Amino acid sequence: MTKPLATLLFALLALGMIVPLSAQAETKKPNIIYIMADDLGIGDLSCYGQQKFETPNIDRMAAEGMLFTQHYSGSTVCAPTRSVLMTGLHTGHTPVRGNSEVKPVGQQPIPDETVTMPELLKKAGYVTGAFGKWGLGYPGSEGDPINQGFDVFYGYNCQRNAHTYYPTWLYDNEKKIELDGKTYSHDLIMDHALQFIRDNKDKPFYCYLPITIPHAAMHVPEEYVAPFRSKFPEFEDKVGKYAGPAVKNPIAAFAGMCTKMDEDVGRVLHLLKELNLDDNTIVMFTSDNGAHQEGGHNPGFFDSNGPYRGYKRDLTDGGIRAPFIVRWPGHVKAGSTSDLISAHWDVLPTLCQLAGVEVPQNVDGISMVPTLTGEGKQPKHDYLYWEFFERGGKRAVRMNQWKGVQNDMTGNPDAHIALYNIEEDVDESDDVSEKHPEVVAKIRQIFDEAHTENDRFKFKFERK
């Protein structure tokens, strides 16, 4: 370096007009990619024990990052889980607490005044994009993703439309895009998500990917089904139908769908490497609730819920225990595991801390950053809480080793609470409530304190 040039550079540094590379590296915000599968059971990934098919790219995420063993979904069905994720509030507080439909298209919207994750990340300078299934407000409503903090949206605004993978329309931002009913929607969604990453490679970005696989209809291109037809020939006479075309051998199709999903996670990881974003991008993978039993899927055959009892719409762990894998090279220890008791409502404060933006007051979540980075003391939950308004009404609490589940409390808030020691009884088969009345009393108290009334979602015993 010549002396005049060196003198000029030092002068610019002194004036603060040039930031040293070391300082740039310290202050650069990490890109965030959050992938949420739809109705994927915790046992549907080979890194969590799946034996009948493999998920090598998601397994790679676990090998290069952290796998959580006690992570829970926000709810046991689609819309409330997404509301929990967007707000950092569990189902006793979040505005959308059930799948509440609006005709002809859409679901009940998140209110305009709701503070959402993308709105907070935009304050921190992030470009925000959502690709997949929304379900939190009909097109043009206050809950439309474009009105809740997302710069870009592509996919199913209405989750009812997502019952088929061959729709006749999707939404591109606020514009309805007509389709031929023969195009596989998941491919369109992934293409738009990958393009969003390319377009924003020089900015901090938040890419929310609530993909629809393996929800509802067992639709996937034949090239993904063919290898499993010969592996599972005993199911060739089975037909699965939900919406759109019927599926022969839905068992083989389910394995093909998960293979397709895993392949596309691999495409995301490959693109990050190609764009030199790998070390500055945190990738998270989860599911919105437990394994489903729709469209011909046989979760028992695949052990989709792992060792846990129950499925989607249950509050036993089979309905709400979720996979959660976090990969962030150089920051999250490769090959690590965590038994932190955590849930989807912890994601908002976690991302806020990573982005350097203040966490809203009164959220129910806690930041998981100390667990992810190994730096600082990890706060712990006093309890996790869920409420669900279908099938007579249900509530549940996870408190240390205890799990309390109250089913079918129609007209009776004092209905029986089953109590399980979840550490010793993972399938929640041994009700020990009579042996521990003091624990049951504490859980009943939590039911009262964790629930706030919501005019749209009310238990049948509630009175104004």
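Reading the values: the criteria
- Residues numbered from 1 in each chain as written.
- Predicted model: local features only at pLDDT ≥ 70, side-chain atom pairs only at ≥ 80, totals over all residues.
- Heavy atoms only, no water.
- Pairing = 2+ DSSP bridges.
- Helix = DSSP H or I, 4+ residues; strand = E, 2+ residues; numbered from the N terminus.
- Axes fitted to C-alpha atoms, helices over the stretch in contact; angles between N-to-C directions.
- Contact = heavy atoms within 4.5 Å.
- Salt bridge = Lys/Arg side-chain N within 4 Å of Asp/Glu carboxyl O.
- Buried < 20%, exposed > 50% of the residue type's maximum accessible area, 1.4 Å probe, protein only.
- Domains from an automatic or database assignment.
- Buried area = accessible area lost by both parts, 1.4 Å probe.
- Polar contact = N/O pair within 3.5 Å; in protein donor to acceptor, adjacent residues only side chain to side chain.

**Some thoughts on the sheet that holds strand β8 (residues 205–209)**
Pairing between the strands of a sheet comes from backbone hydrogen bonds, and it takes one of two forms, parallel or antiparallel. The 10 strands lie next to each other as β7-β6-β5-β4-β8-β1-β11-β12-β2-β13, forming an open sheet whose pairing is mixed. With one partner strand each, in any of the chains shown, β7 (175–178) and β13 (336–338) form the two edges of the open sheet. Put simply, the sheet's adjacent strands are angled 15° from each other on average, direction ignored. Sheet analysis places strand β1 (residues 31–37) next to β8, joined by 4 bridges and oriented parallel. Residue Ile32 lies in a different strand from β8, and its bridge partner there is Tyr206. Sitting on the sheet, helix α11 (residues 347–355) touches β1, β8 and β11 (281–287), and the angle it makes with β11 is about 175°.

**Thoughts on the pattern of salt bridges**
Applying the stated criterion across every chain, the model contains 27 salt bridges. Among the salt bridges present, the one from Lys458 reaches Glu453, with a minimum N-O distance of 3.1 Å. Lys458 sits in the partly exposed class, given a relative accessible area of 26%.

**Comments concerning the domain arrangement of the chain**
Each domain of the chain was delimited in the assignment, giving domain 1 (31–373) and domain 2 (384–462). Summarising the inter-unit geometry, the C-alpha centres of domain 1 and domain 2 are found 27 Å apart. Domain 1 puts 34 residues into the contact, and the matching count from domain 2 is 27 residues. Counting the surface lost from both domain 1 and domain 2, the interface buries some 2500 Å², and carbon and sulfur atoms represent 53% of this. If you sort the residues of domain 1 by the area they bury against domain 2, Arg97, Arg313 and Leu315 come out on top, with a joint share of 29%. Where domain 1 meets domain 2, there are 4 salt bridges. With a shortest N-O distance of 3.4 Å, Lys394 and Asp314 are connected by a salt bridge. Inspection of the region where domain 1 meets domain 2 yields 20 residue pairs in polar contact (both at pLDDT 80 or more). Secondary-structure elements contributing two or more residues to the side of domain 1 that touches domain 2 are α10 (317–320) and β14 (342–343).

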